[in-house]
Each structure stands twice: as C-alpha cells, then as structure tokens.
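Okay, here's what each chain looks like letter by letter:
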Amino acid sequence: MKRLIYADNAATTQLDKNAFEAMQPFLLNEYGNASQPYSFSRAAKNAIRNSRETIARCIGASPEEILFTSGGTESDNWVIKGSAFYDEKKQETITSSIEHHAILRACEDIERIGYPVTYLSTDPSGTVQPEELSEKISSKTRLVSVMLANNEIGSIQDIAALAEISHLAGALFHTDAVQAVGHIKVDVDALGVDMLSASAHKFNGPKGIGFLYLRKGTPLRSYISGGAQESGMRAGTENVASIVGMAEALQKNVAGLEDTEIYLDKLEKKLLNVLHSGNIDFVRNGSKNHLPGNISLSFRNMDGEALLHRLDLLGICVSTGSACDSQNTQISHVLQAIGLDEVYAKGTIRISLSKYNTESDVQEIANALLRILR
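Keep in mind the model is a prediction, meaning the values are calculated, not measured.

Novice: Give a description of the overall build of the protein that names residues and reports values.
Specialist: Scanning the protein for helices and strands turns up 13 helices and twelve strands. Taken over C-alpha atoms, the radius of gyration comes to 21 Å for the protein, in line with the 21 Å a tight globule of 374 residues would show. Taking the principal axes of its C-alpha atoms as reference, the protein extends roughly 65 × 55 × 35 Å. Buried residues in the protein amount to 56% of all 374 residues. Put simply, of all contacts in the protein between residues at least 6 apart along the chain, 73% involve residues at least 24 apart. For the protein, the exposed area adds up to about 16400 Å²; of that, 50% sits on carbon and sulfur atoms. Computed over 36 positive and 45 negative side-chain charges, the inter-centroid distance for the protein is 4 Å.

Novice: How would you explain the pairing of strand 8 (residues 210-214) if you had to name every residue and give the values?
Specialist: Of all the five residues making up strand 8, five are buried; the element is thus mostly covered by neighbouring parts of the structure. Burial of strand 8 is two-sided: the residues Gly210, Leu212 and Leu214 facing one way and the residues Phe211 and Tyr213 facing the other way are all buried. Two elements, strand 2 (residues 66-69) and strand 8, share four bridges in a ladder whose sense is antiparallel. In the sheet register, Ile66 faces strand 8, and the bridge partner there is Tyr213. Relative to strand 8, strand 7 (residues 195-199) is paired through five bridges, and the arrangement is antiparallel. Residue pairing for strand 8: Met195 is matched across the bridge by Leu214.

Novice: Give me the lowdown on the nonpolar core, citing residues and values where you can.
Specialist: Formed by 54 residues in total, the largest nonpolar core has its most connected members in Ile66, Leu148, Val181, Val186, Leu196 and Phe211. Listed by contribution, the elements that provide at least two residues to this core are helix 1 (17-28), helix 2 (42-59), strand 2, helix 6 (159-168), helix 7 (188-191), strand 7, strand 8 and helix 8 (240-255). In contact with Val181, other than residues within four places in its own chain, are Val186, Leu196, Ala198, Phe203, Phe211 and Leu250. Counting residues in hydrophobic clusters, the runner-up holds 28 residues, among them Leu267, Phe299, Ile365 and Ile372.

Novice: Hey, could you go over the packing of aromatic side chains for me, with residue numbers and the actual values?
Specialist: By the definition in use, this model includes three aromatic pairs. With 5.0 Å between their ring centres and 75° between their planes, Tyr31 and Phe40 make a pair best called edge-to-face. When the ring centre of Tyr115 is taken as reference, the NZ or CZ atom of Lys90 above it lies at 5.1 Å.

Novice: Before we move on, can you summarise the sheet that holds strand 10 (residues 294-299) with the specific residues and values?
Specialist: Spatial ordering of the open sheet is given by 9-10-12, a layout of three strands whose pairing is antiparallel. Lying at the two open borders of the sheet, with one neighbouring strand each, are strand 9 (282-285) and strand 12 (348-352). When the angles between neighbouring strand axes are averaged without regard to direction, this sheet yields 25°. Bridge count between strand 10 and strand 12: five bridges; the pairing is antiparallel. Bridge pairing links Ser296 to Arg350 in strand 12. Where helix 9 (residues 257-277) meets the sheet, its contacts fall on strand 9, strand 10 and strand 12, and the angle it forms with strand 10 comes to roughly 15°.

Novice: If you had to explain the sheet that holds strand 2 to someone new, which residues and values would you point to?
Specialist: Read across the sheet, seven strands follow the order 2-8-7-6-5-3-4 without closing on themselves; strand pairing throughout is mixed. This sheet does not close on itself; its edge strands, each paired only once, are strand 2 and strand 4 (117-120). Direction aside, neighbouring strands of the sheet carry axes that sit 20° apart on average. Examined bridge by bridge, strand 3 (residues 92-96) and strand 4 share four bridges and lie parallel to one another. Looking across to strand 4, one finds that Thr93 is bridged to Val117.

Novice: Tell me about unusual backbone geometry, and name the residues and values.
Specialist: Non-glycine residue Lys90 carries a positive phi angle of around 55°. If you trace the backbone, Lys90 turns up in the loop between helix 3 (72-85) and strand 3. We note that Asn301 has phi near 55°; this positive angle belongs to a residue other than glycine. Tracing the backbone shows Asn301 in the loop between strand 10 and helix 10 (304-313). Judged by relative accessible area, which is 56%, Asn301 ranks as exposed.

Novice: Describe the packing of helix 1 against helix 8, listing the residues and the values that go with them.
Specialist: Direction vectors running N to C along helix 1 and helix 8 enclose 160°, while the axes themselves pass 8 Å from each other. Relative to helix 8, the element helix 1 lies roughly antiparallel. For helix 1 against helix 8, the interelement crossing comes out right-handed. Contact with helix 1, carried on its side by Asn18, Ala19, Ala22, Met23, Phe26 and Leu27, involves Val240, Ala241, Ser242, Val244, Gly245, Glu248, Ala249 and Lys252 of helix 8 and no other residues of that element. Taken together, the residues of the contact of helix 1 with helix 8 break down into nine nonpolar, three polar and two charged.

Novice: An account of the environment of Val178 is needed here, citing residue identities and associated values.
Specialist: In this structure, Val178 sits in the loop between strand 6 (172-176) and helix 7. Separated by 22 residues in sequence, Val178 and Ala200 have C-alpha atoms that sit 8.4 Å apart. Setting aside chain neighbours within four positions, we find Val178 in contact with Gly72, Ser197, Ala198, Ser199 and Lys202.

Novice: I'd like a rundown of the packing of helix 9 against helix 13 (residues 359-373), residues and numbers included.
Specialist: For the pair helix 9 and helix 13, interaxial distance at closest approach is 9 Å and the crossing angle is 25°. By the angle between their axes, helix 9 is roughly parallel relative to helix 13. At the point where helix 9 passes helix 13, the crossing takes the right-handed sense. Along the contact surface, helix 9 presents Tyr263, Lys266, Leu267, Lys270, Leu271, Val274 and Leu275, while helix 13 presents Glu359, Val362, Gln363, Ile365, Ala366, Asn367, Leu369 and Leu370.

Conventions we followed
Residues numbered from 1 in each chain as written. Predicted model: local features only at pLDDT ≥ 70, side-chain atom pairs only at ≥ 80, totals over all residues. Heavy atoms only, no water. Helix = DSSP H or I, 4+ residues; strand = E, 2+ residues; numbered from the N terminus. Rg over C-alpha atoms; globule rule 2.2 N^0.38 Å. Buried < 20%, exposed > 50% of the residue type's maximum accessible area, 1.4 Å probe, protein only. Contact = heavy atoms within 4.5 Å. Areas by Shrake-Rupley, 256 points an atom, 1.4 Å probe, with all protein chains shown as cover. Lys, Arg positive; Asp, Glu negative; His and termini not counted. Charge placed at Lys NZ, Arg CZ, Asp CG, Glu CD. Pairing = 2+ DSSP bridges. Core = buried A, V, L, I, M, F, W, Y, C linked by side-chain atoms within 4.5 Å. Phe/Tyr/Trp six-rings, centres within 6.5 Å; stacked < 30°, edge-to-face > 60°. Lys NZ or Arg CZ within 6 Å of the ring centre and 35° of its normal. Axes fitted to C-alpha atoms, helices over the stretch in contact; angles between N-to-C directions. Parallel < 35°, antiparallel > 145°, perpendicular 65-115°, else oblique. Left-handed = near helix turned anticlockwise from the far one by under 90°. Nonpolar A, V, L, I, M, F, W, Y, C, P; charged D, E, K, R; others polar.

Honestly, it's all geometry; don't read function into it.
Next up, the structure:
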C-alpha cells in the first residue's frame, strides 16, 4: 500500500489525539444535556464553561464573548445577516473580493433583499489596501468584513489598520479568521475587531464546531431561534464533546505557535528550492506576509486539476483553487481578483503543510511535481 502524504491542511486537519481523548467521556459517559438542572448534567455544563474560558484566553477575549457555532460558515453567515437584519435603515456592508464564499454568498443573500454591499479590490499579492477602504467607507456603512488570512493564497491582511478606519467611520468590523486561528498569533484587542469567526477542524479540532467572538456590547441579531443556549443568541443543544475537543486542540496549537511557524518555514523553503533548482516555470501566489505552510503555486501552461489527480495517484493530497469549491474547475475568484495571468492561473495547486508533515513528505511532493511537469 502506498504511503499517504496529506498536504491539504487548509481544507481540514488531522484531529489531535489529546483533543480526541478529551472528547471521549462526553460521547460515552458524561452525555447529559448541559441545559438540564439535575446533577448528571453538571459535568457537561462545567466542560462548556471551562472550554469557553480556554478559548477566550487563546485569543485575548472574555469568556462571555465566545459563542459556539457549527463552524466558520455559520459564524460568517451569522455576522453578515445578523448585522444587516438588525439594521432597519439597510445600511451598507463592505467586504473584499477575495473572501471565502461563506462571506461572499451571504452578502449576495442580503443584496437580494435590498441591503447594499461594496466590494474592495486587492493588489497582486492579495492584500486589501487601507486607502481604498478609507475612500469607500461612509457614515452609511454599518459593517466591514475582511478576512484575516486568505484560504487560497495565504495572504495576511493588516486587520488592525482596517478596523481602525472602520471604527472612525462609525462602522463595526468583523474578520473571518478561520484560516488564522491556531496558526498565527490572534489577539482580538490588538486586532481591534468587534467580531471574529473560527472553525475547529482548521486547527486539529473536530469537524462541525466553531465559535464566534462577539465583543461585549456589539449589536447582533440572534441567528438560530429556539432555546436559550449561548446567552439566548444561538439556540440548540450544545455539542459538548466537540466544544471540549476544540478547546483542547486550540490550546495545544497556540502553545506551540512559534516552533510550528519556524518548522513550516523550513519545509516551505525546501519545497521551493527543489522546484527552482529544477528550472520549473511557476509563480508563488500571495504576499510575503502569509500563513505558515500555505503554498499556492501556479505552473505555466498546466492544468491544476490534472496536476491534482496525477499527485493523487501517487498518494499525495493537495487542492486546486479553493477546497470549499472543489467542483468548480474555473479559475477561482481569488486568482481572478489578484489579476494572475491565465497561462499560470489555470495551472494552480495549493499545498498546505502542517506540523505533522515531514521533510521527507516535502521532498516526495517536490520530486513528484518535477516528474509530472517535465
């Protein structure tokens, strides 16, 4: 059986063993409903409280500012729609042209019912310029939402500058930090954000769980109606085991951030050096300030989907374009937004490495690409 090399960690990550072990009691024995008043529910209730405190510490927030959701997509939709629907005046939302589809399609939804949306462009590195936001924002802007780090090309935005511009204009600021939390240092006060979205399966937690940071006093309409869970903001019986796993995984990743970043930088350089030494004609997409291990490569006159399948036959998992839009073979909206030449754009793959990848993995990926491209 051929060895699997998993290099699509921006799509999802391997569940951390400690997180899995922390989850088990709440799947098998401590299965009480945390909303119930009897003593059997006490363990679940305490686990949720402790997890909320752990997650809050990891991003510099207060526990009451952490609201549990089913993941980044729900959190993003909640912010866009919950903010718009709170506003009877139908004021403007501003976002960028390279956001995840969870933001872009939520914005399309509110546009269809009369809420105006303005889209910011980016430079060729995939960076939103604060000057453009300053030009387009007005007193009629209610919300600005710009992602902290891009899922396709890894570019990290100057969120603190964008949030400051937004607040000076009287607007709220949200960042989709799904790709960033657990991979780079995230402090909500340093960023100056009012809302932030995160998803556990991106940082070695379980799938189907995430959280929304909502700064105390920030107006937002509840998204799911029913019970009084999450301070009455998000109804539904809590997914206790997954909440516990998410907190454990995030805590562990945050503790090792610096070491992981140094290690992934080493792996990145090794991969790129091999490709350069093989005289391969390619472009590395994204800004110099990018997510560790997120490597978007565009090869001249190649087909990204064909490259993906050739690598898959060799036991190597990568993605082409955005993993959340894997059925769409057109040039992704991100590559279009950065103005990448079509002769390169069609031959794009994303290699996203994690702390579990090895130098041997990277060497095999590079060697496989050399064989295929030649």
